[in-house]
Amino acid sequence: MTVDIQEINQKIQQESAFIDALRMEIGKVIIGQKSMVDRLMIGLLGNGHILLEGVPGLAKTTAIKTLAAAMKAKFHRIQFTPDLLPADLIGTMIYNQKTGDFQTKQGPIFANFILADEINRAPAKVQSALLEAMQERQVTIGDHTYKLEEPFLVMATQNPIEQEGTYPLPEAQLDRFMLKVKIDYPKRDEEILIMRQQVSGDIPTPNPVVTTEDILRARQAIQAVYMDEKIEKYILDIVFATRYPKEFKLDKIAGYISYGGSPRATIFLAIAAKAYAFIMRRGYVIPEDVRAICFDVLRHRVAVTYEAEAEEWTSEMIVQEILNTVEVP
């Protein structure tokens, strides 16, 4: 088995060679925010979508724009507003007077990277149109169904401060996002560099260093990343502890969880751990990979009770308690 792992490791190191170049190009434009950049790459390589939560001005738009530019991929930003219609997103049929028939006008959803800015500002109809495209990777306009180009990554943003005039995403729709990433303010030494860069107007332009084919090949390679049975069991233990905390001696938080992660949580945790190992240029998953990505996969999948809210317990605190208790292989 050791020989196999060495072989896999060598293969993954070759296949993941572009990661350093991609990080370097993104790092030219985005100062700090390493965790966000890594999560963007995990979403992209794991074929999942990302929900980003953070106050305005933390480079959420710039990050995905830079990632698209470093890959020479098609990028569209859609500003979600209360008057947005599904047709504004996916497109519509337009009558052509010259030919006397209807023609399809494709909407901005037809791109590799979609930034759904302030997704909770749009009504349920628009949210569900986007979520259908995310899930099915296709869009239906009139009688025709159109496949969306691969890779296809939706990065939706939410502003945690303003809740007036918003339509919060229902839990079933939140579950469609592979990761929910919380972004914090940059560190002091990073912010001075950001200030200097913006004030001088000397903002570097990223060069395309990766092709979409590289990404699709990397997705295939990630499937070959070795995951031991003990790691699989560890992932199951973490997810099952969100459902049946008492079985894991977590009586303290049992009353704080209204429901835990679905099988989608297990699948995404395994895929994200493999993608994390890949961007760390490793051909096998270690427990640290699972722990590193655990909060992003589970924070929107563990629902807290009113009792938890009264005691000021968040889903993150519950996940932390689970990680502290469940035995690490």
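Computed from a predicted structure; not experimentally measured. (Residues numbered from 1 in each chain as written. Predicted model: local features only at pLDDT ≥ 70, side-chain atom pairs only at ≥ 80, totals over all residues. Heavy atoms only, no water.)

(A) The packing of aromatic side chains, seen in detail. Applying the stated criterion across every chain, the model contains five aromatic pairs. On the numbers, 6.2 Å between centres and 85° between planes, the contact of F110 with Y146 is edge-to-face. Here F110 is found in the loop between β4 (101-106) and β5 (113-117), whereas its partner Y146 is found in strand β7 (residues 144-147), with 36 residues between them in sequence. The exposure class assigned to Y146 is partly exposed, which follows from its relative accessible area of 21%. When the ring centre of F240 is taken as origin, the NZ or CZ atom of R243, which lies over that ring, is 4.7 Å away. Directly above the ring of Y284 sits R282, whose terminal nitrogen or CZ lies 5.6 Å from the centroid. (Phe/Tyr/Trp six-rings, centres within 6.5 Å; stacked < 30°, edge-to-face > 60°. Helix = DSSP H or I, 4+ residues; strand = E, 2+ residues; numbered from the N terminus. Buried < 20%, exposed > 50% of the residue type's maximum accessible area, 1.4 Å probe, protein only. Lys NZ or Arg CZ within 6 Å of the ring centre and 35° of its normal.)

(B) Local environment of the sheet that holds strand β8 (residues 153-158). Pairing in this open sheet of five strands is parallel, and the strands run β2-β5-β8-β1-β9 from one edge to the other. The sheet is open, and its two borders are formed by β2 (75-79) and β9 (179-182), each paired with just one other strand. Here the average twist between neighbouring strands, direction ignored, is 20°. When strand β1 (residues 50-53) meets β8, the two strands line up parallel, connected through four bridges. Each residue of the ladder has a partner; that of I50, found in β8, is M155. (Pairing = 2+ DSSP bridges. Axes fitted to C-alpha atoms, helices over the stretch in contact; angles between N-to-C directions.)

(C) Looking closely at unusual backbone geometry. Here the bond from E150 into P151 is cis, since omega is -5°, no more than 30 degrees from zero. Checked against the element boundaries, P151 lands in the loop between β7 and β8. We note that N47 has phi near 60°; this positive angle belongs to a residue other than glycine. Here N47 lies in the loop between α3 (34-45) and β1. One non-glycine residue, R281, adopts positive backbone phi at about 60°. Position of R281 relative to the elements: it lies in the loop between α12 (263-279) and α13 (287-298). Residue R281 is classed as partly exposed on the basis of its relative accessible area, which comes to 25%.

(D) Geometry of helix α6 (residues 124-136). Under the 1.5 Å per step criterion, the end-to-end length of α6 is 18 Å for 13 residues, consistent within 8% with the ideal 18 Å. All buried positions along α6 are accounted for by V126, Q127, A129, L130, L131, A133 and M134. Packed against the buried residues of α6 are α5 (86-90), β5, β6 (138-141), β8 and α7 (171-174). At the exit of α6 stands R137, carrying a positive phi of roughly 60°. (Expected span 1.5 Å × (residues − 1). Contact = heavy atoms within 4.5 Å.)

(E) Representation of the nonpolar core within the structure. By size, the foremost hydrophobic cluster in this structure holds 76 residues, and its most contacted members are F113, I238 and F278. Per element, the largest residue contribution to this core is 10 residues, and it comes from α12. Those residues in contact with I238, other than ones at most four positions away along the chain, are L269, V290, C294, L298, I322, L323 and V326. With 28 residues, the next largest nonpolar core counts A111, A122, A133 and A156 among its residues. (Core = buried A, V, L, I, M, F, W, Y, C linked by side-chain atoms within 4.5 Å.)

(F) Structural context of the pairing of β5. Extensive coverage of β5 is indicated by the burial of five of its five residues. Burial along β5 is two-sided: the face carrying F113, L115 and D117 and the face carrying I114 and A116 are both buried. Two strands pair when backbone bridges link them, and β2 and β5 are joined in this way by five bridges, in the parallel orientation. Bridge pairing links H76 to I114 in β5. By the bridge criterion, four bridges tie β5 to β8 in an arrangement that is parallel. From the neighbouring strand, L115 faces β8, where its bridge partner is M155.

(G) Highlighting the layout of surface pockets. Of the voids in this model, the largest pocket is the one considered here, and its volume is about 410 Å³. Every element with two or more residues in the lining of the largest pocket is listed here: α7, β9, β11 (303-304) and α15 (315-325). Of the residues that constitute the lining of the largest pocket, the class distribution is seven nonpolar, three polar and eight charged. As a volume, the second largest pocket reaches approximately 290 Å³. If you go around the second largest pocket, you meet 15 residues; those closest to its centre are G57, L58, A59, I194 and Q198. Considering each element in turn, the lining of the second largest pocket owes the most residues, four residues, to helix α8 (residues 188-200). Here the lining of the second largest pocket is composed, by residue class, of nine nonpolar, five polar and one charged. (1 Å grid on protein atoms, 1.4 Å probe; cavity = no way out; pocket = protein on both sides within 12 Å on 5 of 7 lines; lining within 4 Å. Points joined across faces, edges and corners; volume = space filled by probe spheres on them. Nonpolar A, V, L, I, M, F, W, Y, C, P; charged D, E, K, R; others polar.)

(H) Quick peek at α15. For α15, the full list of buried residues reads S315, I318, V319, I322 and L323. Along the long axis of α15, the arc covered by the buried residues comes to 140°, so they all point the same way. At its buried positions, α15 is contacted by α10 (229-243), α11 (251-254), β10 (257-259), α13 and β11. (Arc of directions from axis to C-beta.)

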